[in-house]
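Geometric and topological summary
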Amino acid sequence: GAVVSQHPSWVICKSGTSVKIECRSLDFQATTMFWYRQFPKQSLMLMATSNEGSKATYEQGVEKDKFLINHASLTLSTLTVTSAHPEDSSFYICSARDTSGKNIQYFGAGTRLSVL
Amino acid sequence: EDQVTQSPEALRLQEGESSSLNCSYTVSGLRGLFWYRQDPGKGPEFLFTLYSAGEEKEKERLKATLTKKESFLHITAPKPEDSATYLCAVQASETSGSRLTFGEGTQLTVNP
């Protein structure tokens, strides 16, 4: 099956600093990638849709200046949490949509962010 | 607005005890229904996708079915390693960018 690599898997940072999370599709090209946030015992909440070569589309209530998304190639999208605060602590998961026509999203392993 | 409701929220089974998980959905034209498995602290793992009512997919002890209003994930003779949260998601035909709407999931525990 298709493999999506997400890095880092766990990061701790100080309040006010920025953190970058990478999402790579390893064996397929992904024109569209997605970024989700998941709180404990809850389901996935879509934050934004990342399109290669164009600006990301953010969901209502998600601050685009705080969660910067770059999708510079067909295999890489990055999410940067700028000026992180404790309330940004969460589990962030990316997915990549295959281009075979089946529209299946394959997920990365997730990144646990803890802001002190 | 697309909606997905999964039941039960949690399910405990004994090893070998078969059961079914339910996913009810409301969507403006179904493009696809997806089942994922998620282990604690991990990203969702793709299991099945169903595109039209009447379709069925099988993989080992799992079988997914689809009607116009709901989908079932049948688990036959489950093993402890089947313990996980099972997520259902729908994709609407009118949705651009292939976004998914997820249900809250069913947490399955299989006791040995």
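Residues numbered from 1 in each chain as written. Chains lettered and ligands numbered in written order. Predicted model: local features only at pLDDT ≥ 70, side-chain atom pairs only at ≥ 80, totals over all residues. Heavy atoms only, no water.

Brief notes about the layout of surface pockets
A volume near 560 Å³ is recorded for the largest pocket. Taken together, 24 residues make up the lining of the largest pocket; nearest its centre are A:Gln38, A:Lys41, A:Gln42, B:Thr85 and B:Gln107. Secondary-structure elements contributing two or more residues to the lining of the largest pocket are β9 (84–92) and β11 (106–111) of chain B. Here the residues of the lining of the largest pocket are counted per class, giving eight nonpolar, ten polar and six charged. A volume near 440 Å³ is recorded for the second largest pocket. In terms of lining residues, the second largest pocket is bounded by 19 residues, among which A:Leu44, A:Met45, A:Leu46, B:Thr101 and B:Phe102 are the most central. (1 Å grid on protein atoms, 1.4 Å probe; cavity = no way out; pocket = protein on both sides within 12 Å on 5 of 7 lines; lining within 4 Å. Points joined across faces, edges and corners; volume = space filled by probe spheres on them. Helix = DSSP H or I, 4+ residues; strand = E, 2+ residues; numbered from the N terminus. Nonpolar A, V, L, I, M, F, W, Y, C, P; charged D, E, K, R; others polar.)

Focus on the side chain of A:Arg97
Summarising the element assignment, A:Arg97 is placed in strand β9 (residues 90–97). At 2.7 Å, the side chain of A:Arg97 and the side chain of A:Asn103 are in polar contact. (Polar contact = N/O pair within 3.5 Å; in protein donor to acceptor, adjacent residues only side chain to side chain.)

Quick look at the sheet that holds strand β1 (residues 4–7) of chain A
The strands that make up a sheet are held in pairs by hydrogen bonds between backbone atoms, and each pair lies either parallel or antiparallel. Residues and elements named next belong to chain A. Judged by pairing direction, the sheet is antiparallel, and its four strands sit side by side in the order β1-β3-β8-β7 without closing on themselves. Both edges of this open sheet fall to β1 and β7 (67–73), since each of them pairs with a single strand only. Each strand of the sheet is rotated relative to its neighbour by a mean of 15°, with strand direction disregarded. Note that strand β3 (residues 19–25) and strand β8 (residues 76–81) share six bridges and pair antiparallel. What sits directly across from Val-19, in β8, is Val-81. (Pairing = 2+ DSSP bridges. Axes fitted to C-alpha atoms, helices over the stretch in contact; angles between N-to-C directions.)

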